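# A structural walkthrough
Each chain, letter by letter, is given below.
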Amino acid sequence: MRSSQSACQYTLGMNVPWIGASRRRQDAKFYNTCGKALSFKRWNAGEPNNHGNNENCAHMYSHGSWKGKWNDVDCNGGYGYICQFKAHRCD
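Sequence order as written defines the numbering, with residues in each chain counted from 1. The predicted origin of the model limits local features to residues at a pLDDT of at least 70 and limits the giving and counting of side-chain atom pairs to 80 or more, whereas totals for whole chains, interfaces and linings rest on all residues. Hydrogen atoms and water are omitted, and side-chain values are computed over all heavy atoms in the structure.

Moving on to unusual backbone geometry. In this structure, Pro 48 follows Glu 47 across a cis peptide bond, with omega equal to -10°. Looking at where Pro 48 falls in the secondary structure, it is placed in the loop between β2 (30-31) and β3 (57-60). Phi angles above zero are rare outside glycine, and Asn 50 is one such case at about 50°. Segments assigned H or I by DSSP are reported as helices when at least four residues long, segments assigned E as strands when at least two residues long, and all are numbered from the N terminus. Residue position: Asn 50 is located in the loop between β2 and β3. Despite not being glycine, Asn 53 has its phi angle at roughly 60°, a positive value. Mapped onto the fold, Asn 53 is located in the loop between β2 and β3. A 1.4 Å probe rolled over the protein chains alone gives each residue an accessible area, and that area as a share of the maximum for its type sets the label: buried under 20%, exposed over 50%, partly exposed in between. For Asn 53, a relative accessible area of 61% gives the class exposed.

Structure (structure tokens):
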């Protein structure tokens, strides 16, 4: 039987998923979906770089030498997503 994460990845067929982190324009930091500053970061070398001044969301590479590393991207991109089966609280 697959773990929750691998089952989610298998179901979505994702290649480069969103990770639920986004940048606030007023301070340029990244926050989670609850609005809290990220307590864990795994940016790829040279990231986040805000290329083109419009990369305000983050995704995770799922293959190659960058596997598991994060990259900032335009929020309008079409990517899969990481789902979480156990509810978490935002307090």
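What follows concerns the environment of Arg 25. Assignment of secondary structure puts Arg 25 in the loop between β1 (18-23) and β2. Residues Arg 25 and Asn 56, 31 residues apart in the sequence, show an inter-C-alpha distance of 7.9 Å.

Disulfide: a pair of cysteine sulfur atoms within 2.5 Å of each other. Scanning the model with the defined rule gives 1 disulfide in all. With a sulfur-sulfur separation of 2.1 Å, Cys 57 is cross-linked through a disulfide to Cys 75. Every disulfide takes its handedness from the sign of the S-S torsion; for Cys 57 and Cys 75 that torsion is 100°, giving right-handed. With Cys 57 in strand β3 and Cys 75 in the segment after β4 (70-73), this residue pair connects regions lying 18 residues apart in the sequence.

When you line up the elements, Asn 56 lands in the loop between β2 and β3. The buried category is assigned to Asn 56, whose relative accessible area is 7%. When residues no more than four places from it in sequence are discounted, the contact partners of Asn 56 are Ala 21, Ser 22, Arg 23, Arg 25, Phe 30, Asn 50, Val 73 and Cys 75. Whether two residues are in contact is decided by their heavy atoms, any of which lying within 4.5 Å being enough.

Let us look at the packing of aromatic side chains. Stacked, tilted and edge-to-face are the three classes assigned to paired rings of Phe, Tyr and Trp, where Trp is represented by its six-membered ring and a pair needs centres within 6.5 Å; plane angles under 30 degrees give stacked, over 60 edge-to-face, the rest tilted. If you walk through the whole model with that rule in mind, you get 5 aromatic pairs. Taken together, a centroid distance of 5.8 Å and an interplanar angle of 70° make the contact between Phe 40 and Trp 70 edge-to-face. With Phe 40 in the loop between β2 and β3 and Trp 70 in strand β4, the pair connects residues that are 30 residues apart, well separated along the chain. On the basis of relative accessibility, which here comes to 8%, the residue Trp 70 falls in the buried class. One aromatic cluster is present, built from ring pairs that chain together Phe 30, Phe 40, Trp 43 and Trp 70. Here the basic side chain of Arg 24 rests over the ring of Tyr 31, its NZ or CZ set 3.8 Å away from the ring centre. Both a distance and an angle decide whether a charge sits over a ring: NZ of Lys or CZ of Arg must be within 6 Å of the ring centre and within 35 degrees of the ring normal.

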